[in-house]
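Here is how the chains run, residue by residue.
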Amino acid sequence: LPALFKQELQNTEAEEGGTATLRCELTKPNAPVEWRKGDTTLYPGLKYEMKQQGSTAELVIYDLELDDS
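Residue indices begin from 1 for each chain and proceed along its sequence in written order. Thresholds applied to this predicted model are a pLDDT of at least 70 for local features of residues and 80 or more for the giving and counting of side-chain atom pairs; totals over whole chains, interfaces and linings are not thresholded and use all residues. For side-chain calculations, the full set of non-hydrogen atoms in the structure is used, while hydrogens and water are omitted.

An unreviewed UniProt entry lists the protein under the name OBSCN protein, with Cochlearius cochlearius given as the organism.

Novice: So what exactly am I meant to see when it comes to the sheet that holds strand E5 (residues 48–53) here?
Specialist: Within a sheet, neighbouring strands are paired by backbone hydrogen bonds and run either parallel or antiparallel to one another. Note on pairing: DSSP must find at least two bridges between two strands before they are called paired. Strands are runs of DSSP state E lasting at least 2 residues, helices are runs of H or I lasting at least 4, and numbering of each runs from the N terminus. Reading across from one edge, E1-E2-E6-E5 is the order of the 4 strands in this open sheet, with antiparallel pairing throughout. Of all the strands in the sheet, just strand E1 (5–7) and E5 have a single pairing partner and so form its edges. Put simply, the sheet's adjacent strands are angled 30° from each other on average, direction ignored. Pairing of strand E2 (residues 20–26) with strand E6 (residues 56–61), which is carried by 6 bridges, proceeds in the antiparallel orientation. Note on E6: the bridge partner recorded for Thr 21 is Val 60. Axis definition: a line fitted to C-alpha atoms, limited for helices to the stretch in contact. Angles are taken between N-to-C directions and run from 0 to 180 degrees.

Novice: Quick question: what am I supposed to make of the pairing of E5 here?
Specialist: Regular strands place side chains that alternate from one sheet face to the opposite one. Inspection of the sheet shows E5 paired to E6 by 6 bridges, in the antiparallel sense. Its bridge partner lying in E6, Tyr 48 is registered against Ile 61. What sits between E5 and E6 in their antiparallel hairpin is a turn of 2 residues, with Gly 54 showing a positive phi close to 60°.

Put into structure tokens, the structure is as follows:
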């Protein structure tokens, strides 16, 4: 069976130049997660950090800009 969201992403407010963390909970631990912004796949680097522990996946966005919304 495919992994489903147990807890979906919540809207997050943050200030420009700050950091935001988006978190979701899945029905399957360690299921592969692909973070996207529209049609663009996000990859780890200076701007984005992806973390996953068990059934919880997180995306940390650094140095926020208006385009990140």
